[in-house]
Amino acid sequence: MYQYNNRSNIEKFRMKQEIKYIPIKDLVLWTENPRDPINKNATDQEVVNRAFIDKMTKWNLSKLAREMGPRYDFSELPTVVYHGEKPVVYDGNRRIILGKIKHGLVTIPLKINFEIPDYPKEIPCNVCPKKIGLENVLRKHGDTGSWLPLERDIFLHKFMGKEKSAFLILEEDTGIITSNPKLNQRFVKEEIFKEDMLNKLGFSIKNGSIHSVHPDLDGYKVLNDLTRKIETKEISTRNNRGKVLEILEPENQKRISSNRSRKSHLSKISFRTSDEAENSKKQTPRTKKKKQVLFGGKLFLKLGETSNLYRDITDLHNFYITRKDSLSDSFPGLIRMALRLLCESAAKDNNSKMASYLKKHFDSAKKNLDQDIKTTLANQNVSKDSLVQLLQTGAHAYQSSSNVEQTLAMSIIIGEILTITHTKVKNNE
């Protein structure tokens, strides 16, 4: 019978895990947190900035602060692993962020509308070896729903030595899931982007990479069609479940059928929206300063002509990224012209003229951007007064409108304005 007071057993567990009081100022936020990994050399401040931008609501600091109540709860211990002399927080990063804010150890990039509980300057932590720390993190988050499927797959492969899933390989090779966050759900992983279903769609996994019988443009169209069907819930756990091929547009069903006899080749399909496509394959999240992407990232707009134009512009930009070596230098001007059409459509939805619409919402939209992006806007001369002129010039002067970096900067502030006026209302599903 196991003896709980056996001194050797007590020492055995004491050597593996130890409760230790550590000042909040000394605790280091985990840059490889599966919730939202960042450059491994990032500072605590950079992690905090990332948490506040939080476009995918992975951090939700305001909700945590409300749930914690008036004071820090000592019954929930952060898990800490020492990297040399640095106590790194493997579990409990959100709580430590709030504590660092409370004691002025980091600054907040955005104005907050919630109160942070009272925090001691020193808190008890569960200090343990890395192996135990990782096991604790997996036990608490792996199957509780706090991680999305892609985050779980990355963690299992990177830290627990598990083989890559088809879901993870597809993301690494194409960027389709991070570019379309609605795909990051268990149903999609287990029933659609699984290996046998990918085979039926004309894709296969060989040597840890995606291969395809389709020419890359055909393959892109098939996957893009399927992505839209998932986003609009034409296929879901409630609609057309199991009918993956059947819900595709007829022309894509025809592509799959006619290409089936073709020889499989290494796929070069990319859904990424920046030059990072060339450097992202088989990499963990970027270690260099991130480049700006069209609209600043994925937008989720309410149904209508404005949303349709937004999607078309995104597809046009993706086409440019994958084919720019064969396109003329004037091609980006088409994207600039399309941005004007998008703004005119959005203004019409708000019973306004384009200039009035953009100027009305510009300041509020800019407040939602981090300092790096604000600097980008300034460097590209994108301001409240210049935006309308830049859009109008783009309709007439190809040379000036072919400045790709300026067009990207314009799209980011336009994306934030659209987020204010056209965001889709979330349901409870």
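As the structure is a prediction and not an experimental result, all values here were calculated from the model.

Conventions and cut-offs
- Residues numbered from 1 in each chain as written.
- Predicted model: local features only at pLDDT ≥ 70, side-chain atom pairs only at ≥ 80, totals over all residues.
- Heavy atoms only, no water.
- Pairing = 2+ DSSP bridges.
- Helix = DSSP H or I, 4+ residues; strand = E, 2+ residues; numbered from the N terminus.
- Contact = heavy atoms within 4.5 Å.
- Axes fitted to C-alpha atoms, helices over the stretch in contact; angles between N-to-C directions.
- 1 Å grid on protein atoms, 1.4 Å probe; cavity = no way out; pocket = protein on both sides within 12 Å on 5 of 7 lines; lining within 4 Å.
- Points joined across faces, edges and corners; volume = space filled by probe spheres on them.
- Nonpolar A, V, L, I, M, F, W, Y, C, P; charged D, E, K, R; others polar.
- Core = buried A, V, L, I, M, F, W, Y, C linked by side-chain atoms within 4.5 Å.
- Buried < 20%, exposed > 50% of the residue type's maximum accessible area, 1.4 Å probe, protein only.
- Salt bridge = Lys/Arg side-chain N within 4 Å of Asp/Glu carboxyl O.

Draft legend 1. The sheet that holds strand 4 (residues 86-91), seen in detail. Ordered in space as 1-5-3-4-2, the five strands form an open sheet in which the pairing is mixed. Since the sheet does not close on itself, it has two edges, and those belong to strand 1 (18-23) and strand 2 (28-29), each with one partner. Examined bridge by bridge, strand 1 and strand 5 (residues 122-127) share six bridges and lie antiparallel to one another. Its bridge partner lying in strand 5, Ile22 is registered against Ile123. Its contacts with the sheet place helix 4 (residues 93-102) against strand 2, strand 4 and strand 5, and it is angled at close to 125 degrees to strand 4.

Draft legend 2. Structural context of empty space enclosed by the protein. Taken as a whole and assessed by the stated rule, the structure comprises one cavity of 30 Å³ or more. Lining the largest cavity are His317, Tyr320, Pro332, Ile335, Val404, Thr407 and Leu408. Breaking the lining of the largest cavity down by element, the ones donating at least two residues are helix 13 (305-323), helix 14 (332-349) and helix 19 (404-422). A per-element tally of the lining of the largest cavity places helix 19 first, with three residues. A class-by-class count of the residues in the lining of the largest cavity yields five nonpolar, two polar and no charged.

Draft legend 3. The nonpolar core, seen in detail. Counting residues in each nonpolar core, the largest one holds 38 residues, and the members touching the most others are Phe295, Leu342, Leu358, Leu387, Leu391, Ile413 and Ile414. For this core, the leading source of residues is helix 19, giving eight residues. Sequence-distant contacts of Leu391, that is, excluding residues within four places in its chain, are made with Arg336, Leu339, Arg340, Cys343, Met354, Leu358, Met410 and Ile414. If you look at the next biggest cluster of nonpolar residues, it comprises 31 residues, including Leu168, Ile169, Tyr220 and Ile235.

Draft legend 4. Quick look at the pairing of strand 5. Taking burial as the measure, the six residues of strand 5 include five buried ones, the bulk of the element. Of the pairings in the sheet, the one linking strand 3 (residues 79-83) to strand 5 comprises two bridges and is parallel in character. Residue pairing across strands places Thr79 opposite Asn126, the latter belonging to strand 5.

Draft legend 5. Here's a closer look at the sheet that holds strand 8 (residues 265-266). Read from one edge of the open sheet, three strands run 6-7-8, paired in antiparallel fashion. With partners counted over all chains shown, the strands left at the sheet margins are strand 6 (203-206) and strand 8, one partner each. The sheet contact formed by strand 7 (residues 209-212) and strand 8 spans two bridges and is antiparallel. Note that in strand 8 the partner of His211 across the bridge is Leu266. Helix 7 (residues 166-174) rests against strand 6 and strand 7 of the sheet, and its axis sits at about 80 degrees to strand 7.

Draft legend 6. Representation of the pattern of salt bridges in the model. Tallied over the full model, the rule gives 20 salt bridges. For Asp91, the salt bridge goes to Arg95, with nearest N and O atoms at 3.9 Å. In terms of burial, Asp91 and Arg95 fall into one category: buried. With a closest N to O distance of 3.0 Å, Arg311 and Glu231 form a salt bridge. One end of the pair, Arg311, is in helix 13; the other, Glu231, is in helix 11 (residues 216-231), with 80 residues separating them in the sequence. Taken as a pair, Arg311 and Glu231 share a single burial class, namely buried. Taken together, the shared-partner salt bridges connect Asp91, Arg95 and Lys140 into one network.

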